[in-house]
Amino acid sequence: MAKRKNKKNSRAYDKYIVVSFADATLVLSVGDTVEEMGKESGFLTNAPTLACSALGHDGGICQVHPAGVRHIHKGRAKQWHCPGLKRIECASANESQVIIALAGGEVIYFELDPISGNLTESKTKDVGADVCSLDVGTVQEGRSRSMFACVGCRDQTMRVVSLAPGKLLDQKSSAALPARPHSVALQYVPGSDGGADEAILTVGLDDGSSLRAGVDPVTGAISSSPAKRFLGARPVSVSRITLESGPATLLLSSRPWISRPDVAGGTHVTAPLSYAPLDHGCSFTSEAIREGIVATAGTTLRILSVEGEGGGSAGVGSEEEAFNSNKVSLRYTPRQMCLLAAGSSAGGAATVDPNNKKLVLAVVESDYNDFGEEEKKAMGFDATASSAKSGSKKKEKKGDDDDMAMDVDSDEEEDKKEDKEKEKKEDEEDEDEEDEEDEDEKEARATPIRGPVPPTPGHWGSCIRLVDPADSCSTLDCMEMGRNEAALCCAAVRFHSRGGEALLAVGTVTGMTMNPLRCSASHVVLYRVVNGERLQLLHRTKVDDGPVLALVHFQGRLLVGIGRTLRLYEMGKRQLLRKCELRGLPTYVKTLQAAGDRAYVGDMLQSMQFVRYDSTANRLVLVANDRTPRPITCQELLDLNTVAVGDKFGNVSVLRLPRGADAAAVDTSGTRALWDSSREDSTPKLETLCHYHIGEVVTGMTRASLVAGGGESLIYLTVTGRVGALVPFSSRDDV
């Protein structure tokens, strides 16, 4: 991707956007609109473009392609061809200089003659290693050329060569790199305390990390202590951009990053860009967007405007706004959500391509003491009050027409017609004014209005929503549940008997009341995601013993918490098939997680229970429990023996299974074990490693890394909307 500058009103704007493909080049003209150009641009369009730049101030353009260098000047094109059968591997260009690298490590330098306006070959040198990245740098204000160029070689070295007259391509310094360089950029930034500009070398490596080092602007020596940072799983692409009238660097890996100097603080800041992953990008300047980025993401070309304080279409996160969020409007209160890998279904079976799978987010919503969407519509309730307003207008208009319906003379009829035409014009003007005012009214009506309250307990409103996280969390499908049926939990399950197809399991209750906690029916419903866009019902399984509050995938089967019972199900043709169960849990199963042959059960009042599945006997065995009663609200598995839990009193605790407790567990399902189970120490007890009082009810918890390549933290959510993190200490020095 490259551009050509167009000077207008003493300011340089981009005139062309050049997009390079594997075997072709697309040239777009930038004006009031972006339009595709043909041969009139002078570019060679049947070959890829390795580098492109505007040359001088007379409208010249340089295009570097694998077969040579093309100089377009005043509508005529001059071509420099590669010697023999060699091909250009990489290239870089600025306003007056072009540097290319041929296969085998041969570097050729071109310079623009300011008198004749021709691009001439000045020097050729063999660097002794294959070159994989080049950068000729930028021309500083008041200078006619860049004094240094950077050469990245496949032997994991970075070299700085001179471009000064008489010392062309002489090596000034070199540095060993931890991985092969993928891209490089040399940029001049303002010095600290208003001093001379400093040269900063940024190298993107193949291992997903970046190196930043200082370069002496006189001698070209690379500093001995570069700063390294891991950015993502893909090789890092580096390009220069302008941000807040200052130089900055765009780093593209698994996610985009912005690196820029902080002149006030005297430091260098590297922050993630709040935007989708980008493949390629460079700076963009036009009359509409003074400081922007033109980038490609997949098969789309995007032009972004960057805001320094987290706003705009792609913001750089600051300390005050450290998170990027997408808002999704819901009908009811979200109860639980899970990710599914959706595939295309054909012939009744779904297949998921691992290289082209689509992740969708399933959200179950429900509200107690509320009517469903269909019942509200049948009652004539509209949360936005839009239909009521339009209906009142129609009613008023109809009433006015009825008042005018009477017998009149012919002369009076003509007067009435003229009056009606005047009234129509006035009404049209009033409607235009009302349309302008309606925008504010629509914002005011965006706040949902509480619907009618059911007269008796046991009424629920619920739905299942399918969201696309990759498309700004847009809603793909929303399925309303039956009358008084509430979806309380969900899980993604892959049955071995179904060939590993990802299905959505939803636990529902019908007519449930809170006090006392009881329901008329409970079901486990299975859905299939068709083509990653909509839900398809497979079957419903009615269960007994209480409400279904927790589900989890367990060894190719579905583990369900039903009241005080933990039950394992297998996939059947018409319903789920019961395989084994564990009865006698303290109160209600509230949370559920699984790892290996263990299940971690969170009780509504009696803390955690560790359960092991014995595959030889096909039974569930209680391994250990907690001696401290905790009303569990959420949990997160830290390792096979450790779990973090949150309770209703605003506490976060970390519990661990003692060593050897799994082997000492007593199976209480047999008659003989009744004597052993009567002892106080029959079941091993969990150890409390640490305990924190958050001060608010913790509603959600997960383990994640806030920075790419960084250590994992325990992220928690509270009932008031607070997001917090508990970071573990790795050594005593951290304390």
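**Some words on the overall build of the protein chain**
- Each helix and strand in the protein chain was counted, giving 4 helices and 53 strands.
- Among the 735 residues that make up the protein chain, the fraction classed as buried is 44%.
- Excluding contacts between residues fewer than 6 apart, the proportion of contacts in the protein chain whose partners are at least 24 apart in sequence is 49%.
- Of the roughly 38,600 Å² of accessible surface on the protein chain, a fraction of 48% belongs to carbon and sulfur atoms.

**Focus on the packing of aromatic side chains**
- A full pass over the atoms with the stated rule returns 5 aromatic pairs.
- An angle of 80° between the planes, with centres 5.1 Å apart, marks the rings of Trp80 and Phe110 as edge-to-face. Of the two residues, Trp80 is situated in strand β8 (residues 76-81) and Phe110 in strand β11 (residues 106-112); the sequence distance between them amounts to 30 residues.
- Between the NZ or CZ atom of Arg255 and the centre of the ring of Trp257, over which it lies, the distance is 5.8 Å.

**Some words on the environment of Leu163**
- Mapped onto the secondary structure, Leu163 falls in the loop between β15 (157-162) and β16 (171-176).
- Each C-alpha atom, one on Leu163 and one on Ser146, is 6.8 Å from the other, the two residues being 17 residues apart in sequence.
- Other than its neighbours up to four places away in sequence, Leu163 contacts Gln97, Tyr109, Val136, Arg145, Ser146, Met147, Phe148, Ala149, Leu168 and Leu169.

**Some details on the side chain of His539**
- Here His539 shows up in strand β38 (residues 534-543).
- The exposure class of His539 is buried, given its relative accessible area of 6%.
- A distance of 3.4 Å separates the side chain of His539 from the backbone oxygen of Gly572, its partner in a polar contact.
- Residues within four places of His539 in sequence aside, it is in contact with Val524, Val525, Leu526, Met571, Gly572, Lys573, Arg574, Gln575 and Leu576.

**Quick look at unusual backbone geometry**
- Cis rather than trans, the peptide bond between Asn515 and Pro516 has omega equal to 0°.
- With respect to the helices and strands, the residue Pro516 is situated in the loop between β36 (502-510) and β37 (521-530).
- In this structure, Ser245 is a non-glycine residue whose phi angle is positive, near 65°.
- Structurally, Ser245 can be placed in the loop between β21 (237-243) and β22 (246-252).
- Backbone geometry places Asp545, a non-glycine residue, at a positive phi of 75°.
- For Asp545, the location among the structural elements is in the loop between β38 and β39 (548-554).
- A relative accessible area of 36% places Asp545 in the partly exposed class.

**Considering the pattern of salt bridges**
- Throughout the structure, instances matching the rule amount to 24 salt bridges.
- A salt bridge links Glu244 to Arg260; its shortest N-O distance comes to 3.3 Å. Of this pair, Glu244 sits in the loop between β21 and β22 while Arg260 is found in strand β23 (residues 256-262), placing the two residues 16 residues apart along the sequence.
- Judged by relative accessible area, which is 49%, Glu244 ranks as partly exposed.
- Overall, the relative accessible area of 18% leaves Arg260 in the buried class.
- Note that Glu485 and Arg540 form a salt bridge whose closest N and O atoms lie 2.9 Å from each other. Placement of the pair is Glu485 in strand β35 (residues 485-494) and Arg540 in strand β38, with a sequence separation of 55 residues.
- Taking the relative accessible area as the measure of exposure, Arg540 reaches 34% and is therefore partly exposed.
- Each of the salt bridges in this network shares a partner with another, and the network as a whole consists of Asp545, Arg567, Arg578, Glu581 and Arg583.

**Examining the sheet that holds strand β48 (residues 642-647)**
- Strands sit in the order β47-β48-β49-β50 across an open sheet of 4 strands; the sheet is antiparallel. What marks the edges here is a single partner per strand, and that holds for β47 (632-639) and β50 (687-693). Neighbour-to-neighbour, the strand axes of this sheet turn through a mean angle of 20°, independent of strand direction.
- Of the pairings in the sheet, the one linking β47 to β48 comprises 6 bridges and is antiparallel in character. Note that in β48 the partner of Cys634 across the bridge is Gly646.

**Topic: the environment of Ser607**
- You can see Ser607 is positioned in the loop between β44 (598-603) and β45 (608-614).
- With residues near it in sequence (within four places) discarded, Ser607 still touches Val601, Gly602, Asp626, Thr628, Arg630, Ile632 and Leu655.

**Quick look at the side chain of His65**
- Locating His65 in the fold gives a position in strand β6 (residues 60-65).
- On the accessibility criterion, His65 (2% relative accessible area) is buried.
- Only 2.6 Å separates the side chain of His65 from the side chain of Gln79, close enough to count as a polar contact.
- Not counting the four nearest positions on each side in its chain, His65 is found in contact with Leu44, Ala47, Pro48, Leu50, Arg70, Gln79 and Ile88.

**A short note on the sheet that holds strand β40 (residues 557-562)**
- Spatially, the 4 strands line up as an open sheet ordered β39-β40-β41-β42, and their pairing is antiparallel. Only two strands of the sheet have a single neighbouring strand rather than two, namely β39 and β42 (577-582). On average, each strand axis in the sheet is tilted by 25° relative to the strand beside it, whichever way the strands run.
- Looking at chain direction, β40 and strand β41 (residues 565-570) are connected through 5 bridges and run antiparallel. Following the sheet pairing, Leu559 is matched in β41 by Leu568.

**Thoughts on the state of the cysteines**
- Inspection of every chain in the model, using the stated rule, returns 0 disulfides.
- Cysteine Cys489 is unpaired, with the sulfur of Cys490 as its nearest cysteine sulfur at 7.3 Å.
- By relative accessible area, Cys489 is classed as buried at 0%.

**Quick notes on the environment of Arg498**
- By the element assignment, Arg498 lies in the loop between β35 and β36.
- Distance in space between the C-alpha atoms of Arg498 and Gly556 is 9.4 Å, their sequence separation being 58 residues.

**Describing the confidence of the model for the protein chain**
- Per-residue pLDDT for the protein chain averages 83, and the proportion of residues at 70 or more is 81%.
- Across residues 309-313, confidence stays below pLDDT 50; counting only partners more than four residues off in sequence or on other chains, it has 11 contacts.
- When the criterion is pLDDT under 50, residues 317-322 qualifies, and its contacts beyond four places in sequence or with other chains add up to 5 contacts.

Scoring rules and cut-offs
Residues numbered from 1 in each chain as written. Predicted model: local features only at pLDDT ≥ 70, side-chain atom pairs only at ≥ 80, totals over all residues. Heavy atoms only, no water. Helix = DSSP H or I, 4+ residues; strand = E, 2+ residues; numbered from the N terminus. Buried < 20%, exposed > 50% of the residue type's maximum accessible area, 1.4 Å probe, protein only. Contact = heavy atoms within 4.5 Å. Areas by Shrake-Rupley, 256 points an atom, 1.4 Å probe, with all protein chains shown as cover. Phe/Tyr/Trp six-rings, centres within 6.5 Å; stacked < 30°, edge-to-face > 60°. Lys NZ or Arg CZ within 6 Å of the ring centre and 35° of its normal. Polar contact = N/O pair within 3.5 Å; in protein donor to acceptor, adjacent residues only side chain to side chain. Salt bridge = Lys/Arg side-chain N within 4 Å of Asp/Glu carboxyl O. Pairing = 2+ DSSP bridges. Axes fitted to C-alpha atoms, helices over the stretch in contact; angles between N-to-C directions. Disulfide = S-S within 2.5 Å. pLDDT = per-residue confidence, 0-100.

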